[in-house]
Amino acid sequence: MKYSKFKTLKLAVNFQKQDCLQNLNTLVVAEGCTEAMPFFMNNEVVIDMDCVERKLAISNRRLKLKSMDSAFVNSINEIVLVEFRFNYVNMKNLDKSSLFGKVSGSTAALTGYGNIHNKYFFIFDSSLKNQAIRRFRDMNPSMPQNYIATDLNDLKATYF
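Here's a quick rundown of the structure. Here the residue numbers are simple positions, counted from 1 along each chain's written sequence. Per-residue local features of the predicted model are confined to residues with pLDDT of at least 70, and side-chain atom pairs are confined, for both listing and counting, to 80 or more; whole-chain, interface and lining totals are unaffected and use all residues. Computation of side-chain values covers all heavy atoms of the structure but excludes hydrogens and water.

Next up on the list: unusual backbone geometry. Along the chain, Met 37 connects to Pro 38 via a cis peptide bond; the corresponding omega equals 0°. Numbering goes from the N terminus for both helices and strands, where a helix is a DSSP run of H or I of at least four residues and a strand is a run of E of at least two. Looking at where Pro 38 falls in the secondary structure, it is placed in the loop between helix 2 (24–30) and strand 2 (45–48). A cis amide bond, omega -10°, links Asn 140 with the succeeding residue Pro 141. As for its placement among the helices and strands, Pro 141 is situated in the loop between helix 5 (129–138) and strand 6 (147–151). Positive phi, normally seen in glycine, also occurs at Gln 16, with a value near 55°. In this structure, Asn 43 is a non-glycine residue whose phi angle is positive, near 55°. Within the secondary structure, Asn 43 is located in the loop between helix 2 and strand 2.

Okay, structure coming up:
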């Protein structure tokens, strides 16, 4: 289930959102990542879902919906959604409905363009990963198990 650059580029073309392609290192830095760069070494690109949603809102003359930060396609043709949360310091500020909204907004934007992976990744700074995992579990009721709080190292190990 590794990242597929070819399939990610193909999705962007099919989706007519090539202008929303973004180098993954550039995107994570823009989202507040403080890891030494380049973190990803193979010129990985993803679809900037905030860009996609902005363009859809303009073309459909509607308000912008919440969206995940990025999407890419894995080797088995599933679209993987990822949200970067590097700037979080207080996990009590995590809002369950906001996280659900991000997933539903991006899922709606991608409907009809392929299968969406059944796990949604929320990437936190490594020093806050365990707090985020605990917060997801301690929400009442807890976050669904397919909403994964993790860090950039785990995302890289799993997909890149």
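On to the state of the cysteines. In this description, a disulfide is simply a cysteine sulfur pair whose atoms lie within 2.5 Å. One pass over the full model with this rule turns up one disulfide. Each disulfide pairs two cysteine sulfurs, and for Cys 20 the partner residue is Cys 51, the sulfurs being separated by 2.1 Å. With the S-S dihedral at roughly -70°, the linkage between Cys 20 and Cys 51 falls on the left-handed side. Residue Cys 20 is located in the loop between helix 1 (5–14) and strand 1 (21–23), and its partner Cys 51 is located in helix 3 (residues 49–59); the two are separated by 31 residues in the primary sequence. Comparing Cys 20 with Cys 51, the two get one shared label, buried. Note on classification: 1.4 Å probe, protein chains only; a residue is buried when its accessible area is under 20% of the maximum for its type, exposed when over 50%, partly exposed between these limits.

Okay, helix 3 next. Each full turn of the α-helix corresponds to 3.6 residues, which orients residues three or four apart in the same direction. Within helix 3, the full set of buried residues consists of Met 49, Asp 50, Cys 51, Val 52, Glu 53, Leu 56 and Ala 57. Residues of helix 3 that are buried sit in contact with strand 2, strand 3 (70–73) and helix 4 (96–110). Backbone nitrogen of Asp 50 and a side-chain oxygen of the N-cap are separated by 3.0 Å at the start of helix 3; the cap is Asp 48. Downstream of helix 3 by a residue or two, Arg 61 has a phi angle that is positive, lying close to 50°. Note on definitions: a residue-residue contact is assigned when non-hydrogen atoms from the two residues lie within 4.5 Å. Polar contacts here mean pairs of N or O atoms no more than 3.5 Å apart (in protein, one a potential hydrogen donor and the other a potential acceptor; neighbouring residues in sequence count only if both atoms are side-chain atoms).

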